[in-house]
Each structure stands twice: as C-alpha cells, then as structure tokens.
Amino acid sequence: MNRDEMLYEYWFAVFPGLGRTGKRRLLIYNKKQELFEMEKEEWRPFLTPKEWKSFSAHYQKPHNIEEIAVEYDKLLEKNIQFIPENHRDYPEKLKQVEDNPLGIFCKGRIPGQEKAIAIVGSRTPTVYGSEMARYFARELGKAGITIISGLALGIDVAAHRGALEGNGFTVGVLGNGPDIIYPRENFSVYEEIMKKGCIISEYKPGEKPCAYRFPERNRIISALSDGIFVVEAKEKSGSLITADCGLEQGKEIFALPGRAKDTLSEGCNWLIRQGAKLVTEPSHILEEISSECEKNLKNRNISDKLLDNKEKIVYDCLGLEPKHIEDILRATNLTVSEGISILFRLELKGYIKQILKDYYIVNL
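Residue indices follow the written sequence of each chain, beginning from 1 at its first position. In keeping with the model being predicted, local features are shown solely for residues with a pLDDT of at least 70 and side-chain atom pairs are shown and tallied solely at 80 or more, while totals for entire chains, interfaces and linings include all residues. Values shown for side chains rest on all heavy atoms present in the structure; no hydrogens or waters enter the calculation.

(A) Spotlight on the sheet that holds strand E3 (residues 116–120). Should DSSP find at least two bridges between two strands, the strands are taken to pair. Secondary structure is summarised from DSSP: a helix means a run of H or I of at least four residues, a strand means a run of E of at least two, and numbering begins at the N terminus for each. Spatially, E1-E2-E6-E5-E4-E3-E7-E8-E9 is the arrangement adopted by the nine strands of the open sheet, whose pairing is mixed. Where the open sheet ends on each side, the last strands, each with one partner, are strand E1 (81–84) and strand E9 (277–278). Strand direction decides the pairing type here: E3 and strand E4 (residues 146–149), joined by three bridges, are parallel. Paired with Ala 116 across the strands is Thr 146, a residue of E4. Contacts between residues were defined by any pair of non-hydrogen atoms, one from each residue, lying within 4.5 Å. To get an axis, fit a line to the C-alpha atoms, keeping to the stretch in contact for a helix; angles then go from 0 to 180 degrees between the N-to-C directions. Along the sheet, helix H13 (residues 282–289) makes contact with E3, strand E7 (227–230), strand E8 (252–255) and E9, crossing E8 at roughly 170°.

Okay, here's the thing in structure tokens:
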C-alpha cells in the first residue's frame, strides 16, 4: 500500500459523523479517494436521513490530501501505527468477526496468529482475584500464550502485570485514543506494554474515554483472543459483555469459581451455570486451547525440601485470602518471636508477601 492510499484509508476511518455501518455502505458504491473528492450534497443519496443529519453536523471537507498527510505524519512522530482493515498487518482474528474496526491504531508489536487469552474482571477486585489474575497471566505468558485485556483498574491491570512478569506478550485494548493513558494510575504498565507488547485502539489519538466506548472496546478484546477468562465479576458487568461477545464469536469461555453469595462471584458462578468451563489452574485453560503450550508450562509447586518444618507449617496456613499475623500465630501455635522470624524468612525467600501491614498471602 503506497502512501497516498494509506492517507485515504486513514481519512476514511477517522472522519466523524458516521458509524462503521454507514461507512461500509458508502464503499459499496464509491472508492475512498472518490469520496474524498465528493462535495457534501453528493453524499446524501448513500445515507439514511439519520446518518445524513449526523454527517452534515460534522462535515468539514479537507482542501487537499496534504492536510491529511500533516495529521497522519503526527501519528508516526508519536510512534503510532495506523493499520487499515485491508492492510497485510491487520490482525487476521479481527477480520473474522462481524463489525470489525475499519482500522486500528497501534503502539508496539502488532499481534499475529499466536494463541491468546483475554483475562477480564472487576475494576474493584478482592486481593484473591487480583492475585489469581496475575498468577494465571504469568503462567500462561510463560507457556507462550498472549494475554489480552483492557488496561482498566483491577483485574485488567493485574493480568497485564502478570504477563509482563512472565516475559509474555500482552495486548492492552483501549476505549480511548492510543496516546491517552486512562486511568492515570496505569501509566507504568502502559509504558511497559509499549516496550514488550502492544497498545491497540480503534479511536484516533486525542479521543477521550467515554462510557459507550468501553462496550465497543470489549468486542475487540474478545476478537483478538481464542478464549475469555473471567476472574471476578458482578452479575451485571462489562466483563460479562466481553464474555457475550466471545460467545457470539465462537470463543471458549472460562471462569474462576467464587464463593456463594459474594457479589464479585455472582458473574463467574452464573457463567459456569450457563456452561462456561470452570478453571482453577492455568493448565485447565491450556488443555483447551493448546496442547503444545501445556508442555511449556513450568511446574510452580514449591518443594517441601526447601522449607524446614515450622516454615512449612506457616506456609501451609496461608493462601490468597489475606491473613493477619495474629491469626497466623493462633493457627500455628507459634510464639510471637518465632512467627515473626519465620514470616520474615518466607518473605525473604519469595514464598509469601505482605500486602498490608501484618497481613500476608502466598506469593504464587
């Protein structure tokens, strides 16, 4: 694709006032360069009355293609690639779904045909949920699975962090322009993903996050994946929208089971009742999507030989639910000095971690 063709592709994908359906209808009768050269009234026969009203309100004809070139070159200066849907680098998985983006903006390496899992869930997860998302993403990343998520707070960012920790490839799909970091708390993860993964958006630079864009974003998260893993979700949440998109696209749905009556378990437990695959270990997902990748999954079980008896007792009483030091001492019958010493040694060895003052969990 030469430069002029790319400029017309970019202009067509980003001009405002028309949705993807209206734009695709235009292409039945016109080429992009022809549309660029048409006067405003010449568009009317190809649009519905509602589309014409919206188009008219936003219409502003560029004087020439060089105006578009200036805007397009600013993308390249920011290391942002624009990939139209008819470009060889446009992800094949996106082409296979209905209502795919006319083009995408990318920062980093564009994902190919490698196996991928979307990990999604609550923006306000429990410590257990965050740790499980991170654990699954890390182990799946080590096994060669790409991790897809939406770079939101909570489960999303935990999944991205886990993938990066496992030196895996991860893709953050945004509901705003690729140059806008939202929320700001995820700045460091955004920077890491650009270096070791990919940021993708169908919205041009400068487009701010809006509520309606996140459900749209979810269809891309689902499309790029071979399966969707929901970690923690309320009964009505964006994560279930992603799962619905996955079902429509013929993807595998996985869910982490949760405790009965817990609000953040309602969505996952409902998905399991509807037929989603219940998983408690990364290998359960690998068995479904790639037998080859399963061979690469490293055994993460801790050898008892590495711990003395008392260390093993303390370690065995911990899990992913935070436990206060007083509860640990009560469960292990250790003295305060013994307990503090053992917790310190376990933390130093990397077996456990203190997430809040005097609260400990296992370090998966």
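(B) Main features of the state of the cysteines. Pairs of cysteine sulfur atoms within 2.5 Å are what we label disulfides. Tallied over the entire structure, the rule returns zero disulfides. Free of any disulfide, Cys 106 has its nearest neighbouring cysteine sulfur in Cys 198, separated by 4.5 Å. Each residue gets one of three labels from its accessible area relative to the maximum for its type: buried under 20%, exposed over 50%, partly exposed in between, using a 1.4 Å probe on protein chains only. You can call Cys 106 buried: its relative accessible area is 0%. Cys 198 gets classed as buried once you look at its relative accessible area, which sits at 0%.

(C) Main features of the pairing of strand E2 (residues 103–108). Burial analysis of E2 places five of its six residues in the buried class, the great majority of the element. Here E1 pairs with E2 via four bridges, running antiparallel. The residue of E2 that forms the bridge with Phe 82 is Phe 105.

(D) Local environment of the nonpolar core. By size, the foremost hydrophobic cluster in this structure holds 40 residues, and its most contacted members are Ile 117, Ile 119, Phe 136, Phe 229, Ile 285, Leu 346 and Ile 352. Elements supplying a minimum of two residues to this core: E3, helix H7 (127–142), helix H8 (155–165), H13, helix H15 (309–316), helix H16 (325–332), helix H17 (336–349) and strand E12 (359–362). When residues in this core are grouped by element, the largest group, six residues, is from H7. Among buried residues, those of type Ala, Val, Leu, Ile, Met, Phe, Trp, Tyr and Cys that are joined through side-chain atoms within 4.5 Å constitute a nonpolar core. Core analysis: the second largest hydrophobic core is formed by 30 residues, Val 173, Val 230, Ala 243 and Ala 276 among them.

Geometric descriptors of this kind do not, in isolation, establish any biological role.
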